[in-house]
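If you want the building blocks of each chain, they are given just below.
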Amino acid sequence: MIIGTSKAECAVLIIDSTTGGFEAGILNDGQTREHTFLAFNLGVKKMICCCNEVCAVAYLQPSSTSRILEGCIEAYLETRSPAR
């Protein structure tokens, strides 16, 4: 992962959308946070975020769940992005 990431112009971050999975990934020691940190520190300036298993989340409106996930990830990425 390290060598490939250091040569990449863009990264794709797959985010677990299941209940508990998203929270575990975005917490201080979560994999989502760690992978984002590594990618930005290795020079990746653009990141595509994909939510995996959205169908497993119970929600009333798809757009509301998407906006919540998007807001959380966007807020975190803005604090980490070197291209601010």
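What counts and how
Residues numbered from 1 in each chain as written. Predicted model: local features only at pLDDT ≥ 70, side-chain atom pairs only at ≥ 80, totals over all residues. Heavy atoms only, no water. Patch = residues over 30% accessible without salt bridge, like charges linked within 9 Å, V, L, I, M, F, W, Y side chains within 5 Å. Areas by Shrake-Rupley, 256 points an atom, 1.4 Å probe, with all protein chains shown as cover. Salt bridge = Lys/Arg side-chain N within 4 Å of Asp/Glu carboxyl O. Helix = DSSP H or I, 4+ residues; strand = E, 2+ residues; numbered from the N terminus. Core = buried A, V, L, I, M, F, W, Y, C linked by side-chain atoms within 4.5 Å. Buried < 20%, exposed > 50% of the residue type's maximum accessible area, 1.4 Å probe, protein only. Contact = heavy atoms within 4.5 Å. Arc of directions from axis to C-beta. Pairing = 2+ DSSP bridges.

If you check an unreviewed UniProt entry, the chain appears there as Tr-type G domain-containing protein from Kingdonia uniflora.

**Q** So what's going on with a nonpolar patch on the surface? Residues and values would help.
**A** Side chains of Met-1, Ile-2, Phe-37 and Leu-38 sit close together on the surface and give an oily, nonpolar patch of about 370 Å² of accessible area. Locating Phe-37 in the fold gives a position in helix α3 (residues 31-41).

**Q** Got a sec to walk through the nonpolar core? Specific residues and values, please.
**A** Formed by 13 residues in total, the largest nonpolar core has its most connected members in Ile-15, Phe-22, Ile-26, Met-47, Ile-73 and Leu-77. Broken down by secondary-structure element, the contributors of at least two residues to this core are β1 (10-16), α2 (21-26), α3 and α4 (62-80). Residue contributions to this core peak at four residues, all from α4. If we ignore the near neighbours within four places in the chain, the residues touching Leu-77 are Thr-36, Phe-40, Met-47 and Cys-49.

**Q** Tell me about the side chain of Thr-5, and name the residues and values.
**A** Tracing the chain through its elements places Thr-5 in helix α1 (residues 2-6). Beyond its immediate stretch of four places on either side in the chain, Thr-5 contacts Ala-39, Leu-42 and Val-44.

**Q** Please set out α3 residue by residue, giving values where relevant.
**A** Along α3, the residues classified as buried are Thr-32, Thr-36, Ala-39 and Phe-40. Across the axial projection of α3, the buried residues extend over an arc of 95 degrees, all falling on one side. Turned more than 90 degrees away from the buried face of α3, the exposed residues are Gln-31 and Asn-41. Phi turns positive one or two residues past the end of α3, at Gly-43, with a value near 105 degrees.

**Q** So what about the pairing of β1? Which residues, and what values?
**A** Burial of the side chains of β1 is restricted to one face: Ala-11, Leu-13 and Ile-15 are buried, whereas none of Cys-10, Val-12, Ile-14 and Asp-16 on the reverse face is. As judged from the seven bridges shared by β1 and strand β2 (residues 46-52), these two strands associate in the parallel manner. Bridged to Val-12 within β2 is Ile-48.

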